[in-house]
Every structure is written in structure tokens, then in C-alpha cells.
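What follows is the residue order along each chain.
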Amino acid sequence: MTRMPVLYLSHGAPPLADDAVWTGQLAAWSADLPRPASVLMVSAHWEEAPLSIGATRTVPLIYDFWGFPQHYYDVKYEAPGAPKLAEDVRKLLPGVKQDPERGLDHGAYVPLVEMYPEADIPVLQMSLPTLEPEWLFEVGKRLEPLRDQGVLIVGSGFTTHNLREMNPDAQGAPPAWSAEFDEWAEQAIRAGDVDQVLDFAGKAPAARIAHPRTEHFAPLFVALGAAGTEGRSVIDGFWYGLAKRSFQFG
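As the structure is a prediction and not an experimental result, all values here were calculated from the model. (Residues numbered from 1 in each chain as written. Predicted model: local features only at pLDDT ≥ 70, side-chain atom pairs only at ≥ 80, totals over all residues. Heavy atoms only, no water.)

Peer 1: Describe the overall build of the chain, naming the residues involved and giving the relevant values.
Peer 2: Each helix and strand in the chain was counted, giving nine helices and ten strands. Here the chain has a C-alpha radius of gyration of 17 Å; the compact-globule value for 250 residues is 18 Å, and the two agree. Referenced to the eigenvectors of the C-alpha coordinate spread, the extents of the chain come out at roughly 45 × 45 × 35 Å. Buried positions account for 54% of the 250 residues belonging to the chain. Within the chain, counting contacts between residues at least 6 apart in sequence, those at least 24 apart form 80% of the total. (Helix = DSSP H or I, 4+ residues; strand = E, 2+ residues; numbered from the N terminus. Rg over C-alpha atoms; globule rule 2.2 N^0.38 Å. Buried < 20%, exposed > 50% of the residue type's maximum accessible area, 1.4 Å probe, protein only. Contact = heavy atoms within 4.5 Å.)

Here is the structure:
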């Protein structure tokens, strides 16, 4: 079975589906990947300790956002559950809890709708039990054997994420803090400088502005642990001033 790469993607808000450039980028990216046997999704929008996995059957999506037009709440993504993957995760991470009713949140299904629109690949979501970088990196290292079983491990966050600074009217150049952090992240990941990325709060420019709270950068640490190698940027650019850079490892 083909060894799968690992991804970290900037998943966007539900209006991602209205952005023809972004949806095209995600679709083209998935078309270039080996077809996964299943997907293990780590989204910024599920923080729960102890480490937990979601439903292993098809259950309703979680529309974890408010105040959007109705059509965003009408989206369906009825991907098969992944009970075999859940069993394998439990073997690699003893003590994992399961929430048998938890469906995919928008950090999981929004990109998957664009990447695998037929919803025919089993998907399992896993929680972030902490935001501590080294801990999440070790989780990723323990998940690495799944790559040889056809599992696509995806960390879904946002390379810069400060909603107070987001500007829907942004035109032209992004704000300096977002551009500087984005450039730093691309260089550090391309160089495979894991230590610098894990210590981003102390090493990256404008780290506290780019991530006032770090849950949208945290899925990257799981991806780095599972990858064990430098990454390359697949998607770049900005959305309302936020960096939507996304990476592929391996």
C-alpha cells in the first residue's frame, strides 16, 4: 500500500465554498494525492481531553458557527465511518476515549467537501487534548505508522488566525503581522526546523497577534510529528488578511 503524505491545511470558514480559487486549489491538491483508504482529521474546532475520537458511523455534521445564511447549515457530507481506523488509533494511543455521537465539525467537513466531494472515503475525527506543542508532536509521532496503511493524516487549522484583526474589506497587501508570520512559517517548515516551529510563540514574528489563542496552529504539530520531514507549501495567499498557507509533508 502506498505510504501516504501528511497535510496541514487552512480550512477557512463556511464561506470557503463560495471562493472559486480556494475550492479549486483544494480540489487540485487532492487530485495529485494518492487515494487514501481513510482520513484521520485533527481539527482546531475539537478540543477535548482525554484525547478522543468521534463517531465511527455516519452521523449528522456539527455546524459549529453562528449567524451565517441558511445554505451553510444545509451542507451534508455523509462520509462512511472508519471503525478499523478507530481500532488502529486505539492500539497506537492506549486510553483514547470515544464519543460515538460526535460528527465532523466545519474544520473537518468544509475542506473534505472540496477535496473528496463524493464522500466515499471513511473519515475519523480526533480531538486536540491539549494545545501544548511538544505533546501534540509526540501524538503525531505515534500515529505515523498509519501512513503505511493508506491513512491520510490531516491537521486542519489556519496559518494565521486572529478574527479581531480579520478585514472582510481587505484589498491588496495583507497586514504586516500576518505576512511576516506566514513567511516565517513557510521558511521554517521548508527547512524542517521542527524545534523552531514547536517554539513558535518565542521564535516567530508577531506570534501573539497571528495566534492570540493557538488552537488553529496546534494541528500542525500533530502533522509534523506524523511526518518526520520537511514540508512544502501547496497553497498560499491570504483571505481577509489571514494567511491560508497549507503544507504537504512526504
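There is more to say, and it comes next.
Peer 1: So what's going on with the environment of Ala82? Residues and values would help.
Peer 2: Within the element layout of this structure, Ala82 appears in the loop between strand 3 (52-53) and helix 2 (83-92). The class of Ala82 is buried, set by a relative accessible area of 4%. Along the sequence, Ala82 and Phe181 sit 99 residues apart, while their C-alpha atoms lie 36 Å from each other. Setting aside its immediate chain neighbours within four residues, Ala82 contacts Thr56, Pro122, Val123 and Leu124.

Peer 1: Describe the pattern of salt bridges, listing the residues and the values that go with them.
Peer 2: If the charged atoms of two oppositely charged side chains come close together, the side chains can form a pair. Applying the stated criterion across every chain yields a total of 14 salt bridges. Across the salt bridge formed by Arg35 and Asp120, the nearest N and O atoms sit 3.1 Å from each other. Highlighted residues: Arg35 in the loop between helix 1 (20-32) and strand 2 (38-47) and Asp120 in the loop between helix 3 (106-115) and strand 5 (123-128), separated in sequence by 85 residues. Using a relative accessible area of 55% as the deciding quantity, one classes Arg35 as exposed. With a closest N to O distance of 2.8 Å, Glu101 and Arg57 form a salt bridge. One end of the pair, Glu101, is in the loop between strand 4 (97-98) and helix 3; the other, Arg57, is in the loop between strand 3 and helix 2, with 44 residues separating them in the sequence. Residues joined in a network through salt bridges with shared partners are Arg3, Glu144 and Asp148. (Salt bridge = Lys/Arg side-chain N within 4 Å of Asp/Glu carboxyl O.)

These figures come from the coordinates and say nothing about function on their own.
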